[in-house]
Protein chains: 2
Amino acid sequence: MKIKERMDRTPVRQFQTEDFLAVEVPVGVSGRHIHLCREDIDALFGPGYELAVYRELSQPGEFAAREMVTLVGPRGVLEGVRVLGPVRAYTQVEVAMTDGFRLGLKPPVRESGDLEGTPGIAVVGPAGAINLPRGVILAARHIHMETERAQALGLQDDQQVQVWVPGVRELVLCNVIIRTNPHFRLELHLDTDEANAALLSGGDKVKILRP
Amino acid sequence: MKIKERMDRTPVRQFQTEDFLAVEVPVGVSGRHIHLCREDIDALFGPGYELAVYRELSQPGEFAAREMVTLVGPRGVLEGVRVLGPVRAYTQVEVAMTDGFRLGLKPPVRESGDLEGTPGIAVVGPAGAINLPRGVILAARHIHMETERAQALGLQDDQQVQVWVPGVRELVLCNVIIRTNPHFRLELHLDTDEANAALLSGGDKVKILRP
């Protein structure tokens, strides 16, 4: 039987409009990338090097830089890994688990900056290589939300919600963290494994289940 | 805040024991692979070639063969793609969406054998290459279940269920198809994107939500 026919035919538990908060959240898919501290930019690209903006990202001030690096893990290599700017206080590598297998690493799910106990990796740029002692993570999925909108929806910074994804690979993502800031733009951030598992692309819309 | 602390602290909608059917389903993760018809084995490995068993798979009679092929898509190449045996009536390539991006293809989610309108690909073996006109899919996730067990649980062949995955990447997979056969062994089949998105490995246990 074809999937579509089956979906039309088989009665499954369906969500109703009243199950959702009154907001549609656009999806942003984060490919593997690296945030760099000043010292590591110097080592990889040269002393005093300034990152160049390649493309503005959805959150104000954040950008994909022109610069790319190579990640070298114990089992494999990933070339052309995008640097995200601006400069950060600490260097952090965000990959998907699929990338982890290619590199030979098992990064844990973490929020930005929570790097204790995470695996390290060699990072190579045009001016040199560094041995990160730690800093490779799977980014914990989260929703950026304007503070005002969160208040209107009855949500708080740091709260966890469940997100419903429609489609042939319909699913519910639990443990999605709400992050509020007056300057944020509404967006659910997923890594490529999560997006591919749900067949989501950037700009697709999902809904938040009423807590 | 650390993820674990947050999970302990934040009250979210929790599932209860009575929400689940009384069965724990082990997970099987399907890496990219190819099933081959007689004619395509002849073209790729030589006339009359017999696949050699590399490893028995969980479902009786199914095996990973020693043989591997190279997939060549419009944008990229995947080497070392495992052939699964035994010989089938039709050739079918099963990849994850992550593989699709590497190959430059957008395969649809399909059940085995439902190949109309699916993309083709070049397949290369040691004795030659073939141009598959179609046959590349993302396999629809499904649970193999013994007929007797399905009856005891009140489930039917072809029915769709929702599956709960515990953990830091807790989620609910909807549209999971039940496939029953007296000879099947209980197992949820996911592709690598789905497994990685949920941080599942082969043998991990998941639960079925009561329909």
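Sequence order as written defines the numbering, with residues in each chain counted from 1. A letter from A marks each chain and a number from 1 marks each ligand, given out in the order of writing. For this predicted model, a pLDDT threshold of at least 70 governs which residues receive local features, and a threshold of 80 or more governs which side-chain atom pairs are given and counted, while totals over whole chains, interfaces and linings are taken from all residues. Side-chain metrics rest on all non-hydrogen atoms present in the structure, leaving aside hydrogens and water.

What chain A contains, in helices and strands, is five helices and 15 strands. The principal-axis extent of the C-alpha atoms belonging to chain A is close to 60 × 45 × 30 Å. Buried residues are those whose accessible area, probed at 1.4 Å on protein chains only, stays under 20% of the maximum for their type, while exposed residues exceed 50% and partly exposed ones sit between those limits. Looking at chain A as a whole, 53% of its 211 residues are labelled buried. For this analysis, residues touch if any pair of their heavy atoms sits within 4.5 Å. Taking contacts inside chain A between residues at least 6 apart in sequence as the whole, the part at least 24 apart equals 66%. Working definition: helices are DSSP H or I runs of at least four residues, strands are E runs of at least two. Numbering for both runs from the N terminus.

The salt bridge definition used is simple: a Lys or Arg side-chain nitrogen within 4 Å of an Asp or Glu carboxyl oxygen. Counted by the stated rule, this structure contains 18 salt bridges over all chains. Put simply, Asp99 of chain B and Arg32 of chain B hold a salt bridge, and the shortest N to O gap is 2.6 Å. Of this pair, Asp99 of chain B sits in helix 3 (residues 97–103) while Arg32 of chain B sits in the loop between strand 1 (20–30) and strand 2 (33–37); the two residues are 67 residues apart in sequence, bridging distant segments of the chain. In this structure Asp99 of chain B comes out as buried when scored by relative accessible area, which is 5%. As a salt-bridge pair, Asp114 of chain B and Arg110 of chain B come within 3.5 Å of each other at their nearest N and O atoms. A single network of salt bridges, built from pairs that share partners, joins Arg141, Asp191 and Glu194 of chain A together with Arg169 of chain B.

This brings us to the pairing of strand 13 (residues 171–180) of chain B. Residues in a regular strand point their side chains to alternate faces of the sheet. The element strand 13 of chain B is extensively covered by neighbouring structure, given that ten of its ten residues are classed as buried. At least two DSSP bridges between two strands are needed for those strands to be called paired. For strand 13 (residues 171–180) of chain A and strand 13 of chain B, the ladder comprises three bridges, and the chain directions are antiparallel. If you follow Leu173 of chain A over to strand 13 of chain B, its bridge partner there is Leu171 of chain B. Connecting strand 12 (residues 160–165) of chain B to the antiparallel partner strand 13 of chain B that follows it, the hairpin turn spans five residues, and Gly167 of chain B within it adopts a positive phi of roughly 115°.

Our focus in this paragraph is the confidence of the model for chain A. Along the chain, pLDDT gives the predictor's confidence residue by residue, from 0 to 100. Of all residues in chain A, 94% have pLDDT values of 70 or greater, and the mean over the chain is 94. Overall fold confidence (pTM) sits at 0.91, and the ipTM for the predicted complex is 0.89.

Residue and element names in this part refer to chain B. Its location among the elements puts Arg179 in strand 13. The class of Arg179 is buried, set by a relative accessible area of 18%. In this structure Arg179 touches Glu111, Ser112, His142, Ile143, His144, Met145, Asp157 and Phe184, once residues within four positions along its chain are discounted.

For this analysis, a nonpolar core means a set of buried residues of the types Ala, Val, Leu, Ile, Met, Phe, Trp, Tyr and Cys, connected via side-chain atoms within 4.5 Å. Judged by nonpolar contacts, the single largest core of 48 residues is most densely connected at Ile143, Val163 and Ile208 of chain A together with Ile143, Val163 and Ile208 of chain B. Setting aside chain neighbours within four positions, we find Ile143 of chain A in contact with Val25, Val161, Val163, Val176, Ile177, Ile178, Arg179, Leu186, Glu187, Leu188 and Ile208 of chain A.

Turning our eyes to something else, we now look at helix 2 (residues 38–45) of chain A. Residue and element names in this part refer to chain A. Looking only at helix 2, the buried set comprises Asp40, Ile41, Leu44 and Phe45. Projection of helix 2 onto a plane perpendicular to its axis shows the buried side chains occupying an angular sector of 105°, all on one side. Packing partners of the buried residues in helix 2 comprise strand 2 (33–37), strand 4 (63–72), strand 5 (77–88), strand 8 (121–125) and strand 9 (128–132). Positioned one or two residues after helix 2, Gly46 has a phi angle of 115°, which is positive. When we speak of the arc, we mean the arc of directions from the helix axis to the C-beta atoms.

Right, let's get into the packing of aromatic side chains. All names here are of chain A. Planes of paired rings set the category: under 30 degrees apart is stacked, over 60 is edge-to-face and the rest tilted, where pairs are Phe, Tyr or Trp rings (Trp by its six-membered ring) whose centres lie within 6.5 Å. Counting across every chain of the model gives eight aromatic pairs over all chains. Relative to Phe20, the ring of Phe15 lies with its centre 6.0 Å away and its plane at 55°, an arrangement referred to as tilted. On the basis of relative accessible area, Phe20 is assigned to the buried category, the value being 7%. On the basis of an interplanar angle of 25° and a centroid distance of 5.2 Å, the ring pair of Phe45 and Tyr49 is categorised as stacked. Since its relative accessible area comes to 11%, Phe45 is described here as buried. Whether a charge sits over a ring comes down to the Lys NZ or Arg CZ being within 6 Å of the ring centre and within 35 degrees of the ring normal. The ring centre of Tyr54 lies 4.1 Å from the NZ or CZ of Arg82, which sits over that ring.

Turning next to the pairing of strand 8 (residues 121–125) of chain B. Residue and element names in this part refer to chain B. Side-chain alternation along strand 8 places Ile121, Val123 and Gly125 on a buried face and Ala122 and Val124 on a face that remains uncovered. Summarising the sheet, strand 8 and strand 9 (residues 128–132) pair through five bridges and their orientation is antiparallel. Note on strand 9: the bridge partner recorded for Gly125 is Gly128. The turn linking strand 8 back onto strand 9 is made up of two residues.

If you trace the backbone, Leu173 of chain A turns up in strand 13. Judged by relative accessible area, which is 4%, Leu173 of chain A ranks as buried. Note: C-alpha distance between Leu173 of chain A and Val72 of chain A (101 residues apart in sequence) is 31 Å. Residues contacting Leu173 of chain A, with those up to four places away along its chain left out, are Arg141, Val161, Gln162, Val163, Val165 and Leu190 of chain A together with Glu170 and Leu171 of chain B.

Before going further, it helps to examine unusual backbone geometry. Residues and elements named next belong to chain A. In this chain, Gly85 is followed by Pro86 through a cis amide linkage whose omega measures 5°. Along the chain, Pro86 turns up in strand 5. Phi at Asn175 takes a positive value of approximately 55°, unusual for a residue other than glycine. Counting through the fold element by element, Asn175 comes out in strand 13.

Residues qualify for a patch when their relative accessible area is over 30% and they have no salt bridge, like charges being joined within 9 Å and the nonpolar side chains of Val, Leu, Ile, Met, Phe, Trp and Tyr within 5 Å. Areas reported as accessible are Shrake-Rupley estimates using a 1.4 Å probe. Residue values count occlusion only from the protein chains shown. Taken together, the side chains of Val72, Val77 and Val124 of chain A define a hydrophobic patch exposed on the protein surface, amounting to about 180 Å² of accessible area. Structurally, the position occupied by Val77 of chain A is in strand 5.

Residues and elements named next belong to chain B. Within the fold, Tyr90 resides in the loop between strand 5 (77–88) and strand 6 (92–94). We classify Tyr90 as partly exposed; its relative accessible area is 29%. Note: C-alpha distance between Tyr90 and Pro126 (36 residues apart in sequence) is 20 Å. We call two N or O atoms a polar contact when they sit within 3.5 Å, provided that within protein one can donate a hydrogen and the other can accept it, with sequence-adjacent residues counted only if both atoms are side-chain atoms. A polar contact of 3.5 Å, which involves the side chain of Tyr90, links it to the backbone nitrogen of Gly113.

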